[in-house]
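# Descriptive structure summary
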Amino acid sequence: MTDISDSKHVTHWINGKAFDGGQAERRGEVYEPSTGRVSGTVDFAGPAEVDAAVAAAKAAFPTWRDASLTRRAKVLFRFRELVNEHAGELARLISAEHGKVISDAAGEVARGLEVVEFACGIPHLLKGGFSENVSSRVDAYSILQPLGVVAGITPFNFPAMVPMWMFPVAIACGNTFVLKPSEKDPSASVRIAELWAEAGLPDGVFNVLHGDKAAVDGLLHHEDVKAVSFVGSTPIARYIYETAARTGKRVQALGGAKNHMVVLPDADLDLAADAAVSAGFGSAGERCMAISVVVAVDPVGDALIGKVRERVAKLKVGPGDHPESEMGPLVTRAHRDKVASYLDGGVAQGATLAVDGRETPVLGGPGDGFWLGPTVLDHVTPEMDAYRDEIFGPVLSVVRAGSYEEAMEVIDANPYGNGTAIFTNDGGAARRFQNEVEVGMVGINVPIPVPMAYYSFGGWKASLFGDSHAHGMEGVHFYTRTKAVTARWLDPSHGGVNLGFPTNG
Ligand code: NAD
């Protein structure tokens, strides 16, 4: 079991075991956000560790690529069972380092497992096409082949689920994988690596490399890395996309978000208020699908805010492992302070502080934890920093709009396009919204429309660089190359030399 004590030391997982290459030149501190204490350290990879991880993955590739589909599926099924058995332990590890409440951490493990379950169907998913007699006695077919060593670089906010958007599909397709998880909450990925080993995955197929920009750059510039999947903030996503493309790699880079929830006058306001509070403050707003902006279409604003305030007043904020806690702390002190700066900043720019999260009591007392309670900023306008920036914390901004068209203009003008939702009882309005909105994932009376594993996850605009979304069939296509074969088997009637371009007859 992975250590969560004070002396925790997290290191890389390379070639089926904990890395034993001696003392790391650089290390980072891992925090317990609910107390503010340092709970351990994590090794940061330099060039030698990057080379070791990629070399292990490269060496494992020829055998894994040729493993039968049945064998791959069996390992995936076993891995699925093991993650399920250890879901509680994983959730506690995540909660201790991220801060989110344990039930929420268990939810991310469950959603990640859905991708493993999707990948268990790999024999079906990798079926190519076959056309008999494309020309006289000539057949054509396609085969989907793995790329080789692929890398995943993931954010702090879902230390289990986001990596699980990537590696189950990549590995099922026959690739070998190097994961560079967030240095802020690195332990879950190591526990996952142990479970892969227990499931019978050959050494070197799944590796974990800890670290920061140096590790990422090492992977981006490594000639043996064939593809990079990234999830994180927009500036880094853009950098990853540009750099990986320049170094000749296939790349998908999912970026940040500013998700709007439109509430039309005919909406069920209790449902909308429940949704705004759940989607705004779950996981302290540190979700890429969190609702960060409610667009209240006149005249619902005041009534909706009243209902939101009633609900926020009842929320229990406290440590992730406290049985009554519904919302935990933020991930680091620096992030907490940055998020809190939008409260005074918003008011200075003309917003009203409808709920001030700095005054929220904390179960068991705040101590030195990274606390900020649920905050509602009303009368926010698109020129304000609180609107323009991705705050990524428990701050729900409310923008008032005079009409559906005005609400749509606000969303259209926003650079992000990850998720959005509309609350209405008008099917025609909802249908128009789903058709018009320039956003990749849409909820209709559903606030966090995270697609199922068999649909793919991804936003539009500045929320995604590249053309492949994560998991689902888009994941299978991202992690494979299609080869088209045209075949003619010797036949007594072959037709002699012909220098013309092949046409079909
Ligand atoms: P981040 O961009 O700071 O870090 C993501 C990863 O990139 C980490 O592994 C980190 O070590 C690495 N990294 C950080 N700085 C780097 C640099 N300069 N060069 C190279 N690598 C670097 O993101 P975060 O703070 O960990 O996560 C929060 C962000 O992720 C938010 O913006 C959120 O919206 C986004 N996110 C997006 C999605 C999505 O599906 N679109 C999902 C989850 C999170």
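Model, not experiment: these values are computed from the prediction.

For the rest of this paragraph, the subject is the overall build of the protein chain. Counting secondary structure elements, the protein chain contains 16 helices and 23 strands. The globule rule puts the C-alpha radius of gyration for 505 residues at 23 Å, and the 25 Å found for the protein chain is close to it. Structurally, the protein chain occupies a C-alpha span of about 85 × 60 × 40 Å along its principal axes. In the protein chain, buried positions account for 52% of the 505 residues.

Moving on, we come to helix 10 (residues 269-281). Because each turn of an α-helix spans 3.6 residues, side chains separated by three or four positions in sequence point in the same direction. The end-to-end C-alpha separation of helix 10 is 18 Å, in line with the 18 Å expected for 13 residues at 1.5 Å each. All of the buried residues in helix 10 are Ala272, Ala273, Ala275, Ala276, Val277, Ala279, Gly280 and Phe281. Against the buried residues of helix 10 lie strand 13 (259-263), strand 14 (291-297), helix 11 (301-313), strand 17 (395-401) and strand 19 (419-423). Positioned one or two residues after helix 10, Ser283 has a phi angle of 55 degrees, which is positive.

For the rest of this paragraph, the subject is the packing of helix 2 (residues 69-85) against helix 7 (residues 187-198). To describe two helices that pack against each other, one gives the angle between their axes and the distance between the axes. Contact pair helix 2 / helix 7: the axes reach a minimum separation of 9 Å and the direction vectors enclose 135 degrees. In terms of their interaxial angle, helix 2 and helix 7 are classed as oblique. In the crossing of helix 2 with helix 7, the sense of the turn from one axis to the other is right-handed. Contacts between helix 2 and helix 7 involve Phe79, Leu82 and Val83 on the former and, on the latter, Leu195, Trp196 and Glu198. Among the residues making up the contact of helix 2 with helix 7, the classes are represented as five nonpolar, no polar and one charged.

Attention shifts here to the site of the ligand. Near the ligand you find 28 residues, and of these Pro155, Gly232, Ser233, Gly256 and Cys288 are the closest. Contributions of two or more residues to the shell around the ligand are made by helix 8 (213-220) and helix 9 (234-246). Grouping the constituent residues of the shell around the ligand by class yields 13 nonpolar, 10 polar and five charged. Of the domains in this structure, domain 1 (48-119 + 129-255 + 463-484) and domain 2 (259-444) are the two that each give at least three residues to the shell around the ligand.

Under the UniProt annotation, "domain: Aldehyde dehydrogenase" (unreviewed entry) lies at residues 26-485. Each end of residues 26-485 is marked by a C-alpha atom, and these two atoms are 49 Å apart; helix forms 41% of the span and strand 22%.

Strand order in the open sheet formed by three strands is 1-5-4, with mixed pairing between adjacent strands. Each of the sheet's edge strands pairs with one partner strand only, and the pair in question is strand 1 (8-10) and strand 4 (26-32). Pairwise comparison of adjacent strand axes, ignoring direction, gives a mean angle of 30 degrees for this sheet. Where strand 4 meets strand 5 (residues 37-44), seven bridges bridge the pair, whose relative direction is antiparallel. Looking across to strand 5, one finds that Glu32 is bridged to Arg37.

Attention shifts here to the pairing of strand 20 (residues 441-444). Here strand 20 shows a clear split, with Met441 and Gly443 buried on one side and none of Val442 and Ile444 buried on the other. With four bridges joining them, strand 19 and strand 20 adopt parallel strand pairing. Bridge pairing in strand 20 places Gly419 opposite Met441.

Take the nonpolar core next. Among the nonpolar cores identified, the biggest contains 162 residues, and Val228, Met261, Val263 and Ala276 are the most heavily contacted of them. Examining the composition of this core, we find that 10 residues originate from one element, helix 6 (residues 161-172), more than from any other. For this core, the two domains that each supply at least three residues are domain 1 (48-119 + 129-255 + 463-484) and domain 2 (259-444). Excluding residues within four positions of it along the chain, Val263 makes contact with Ala272, Val294, Ala296, Val297, Val300, Leu304 and Phe423.

Turning next to unusual backbone geometry. That bond from Asp298 to Pro299 is cis: its omega, 10 degrees, falls within 30 degrees of zero. Take Pro299: it is sitting in the loop between strand 14 and helix 11. With a phi close to 60 degrees, Asn133 is a non-glycine residue in the positive phi region. Structurally, the position occupied by Asn133 is in strand 6 (residues 130-135). The backbone of Asn445 sits at a positive phi, close to 60 degrees, despite the residue not being glycine. Within the secondary structure, Asn445 sits in the loop between strand 20 and strand 21 (460-461).

Another point: the environment of Pro449. Relative to the helices and strands, Pro449 is located in the loop between strand 20 and strand 21. C-alpha of Pro449 to C-alpha of Ala290: the two residues are 159 residues apart in sequence and 9.8 Å apart in space. Residues contacting Pro449, with those up to four places away along its chain left out, are Gly419, Ala421, Met441, Val442 and Gly443.

Criteria and cut-off values
- Residues numbered from 1 in each chain as written.
- Predicted model: local features only at pLDDT ≥ 70, side-chain atom pairs only at ≥ 80, totals over all residues.
- Helix = DSSP H or I, 4+ residues; strand = E, 2+ residues; numbered from the N terminus.
- Rg over C-alpha atoms; globule rule 2.2 N^0.38 Å.
- Buried ≥ 20, exposed ≤ 12 C-beta atoms within 10 Å, placed from the backbone.
- Expected span 1.5 Å × (residues − 1).
- Contact = placed C-beta atoms within 7 Å.
- Axes fitted to C-alpha atoms, helices over the stretch in contact; angles between N-to-C directions.
- Parallel < 35°, antiparallel > 145°, perpendicular 65-115°, else oblique.
- Left-handed = near helix turned anticlockwise from the far one by under 90°.
- Nonpolar A, V, L, I, M, F, W, Y, C, P; charged D, E, K, R; others polar.
- Near = placed C-beta within 6 Å.
- Domains from an automatic or database assignment.
- UniProt positions renumbered as here; feature names shortened; annotations may be inferred.
- Pairing = 2+ DSSP bridges.
- Core = buried A, V, L, I, M, F, W, Y, C linked by C-beta atoms within 7 Å.

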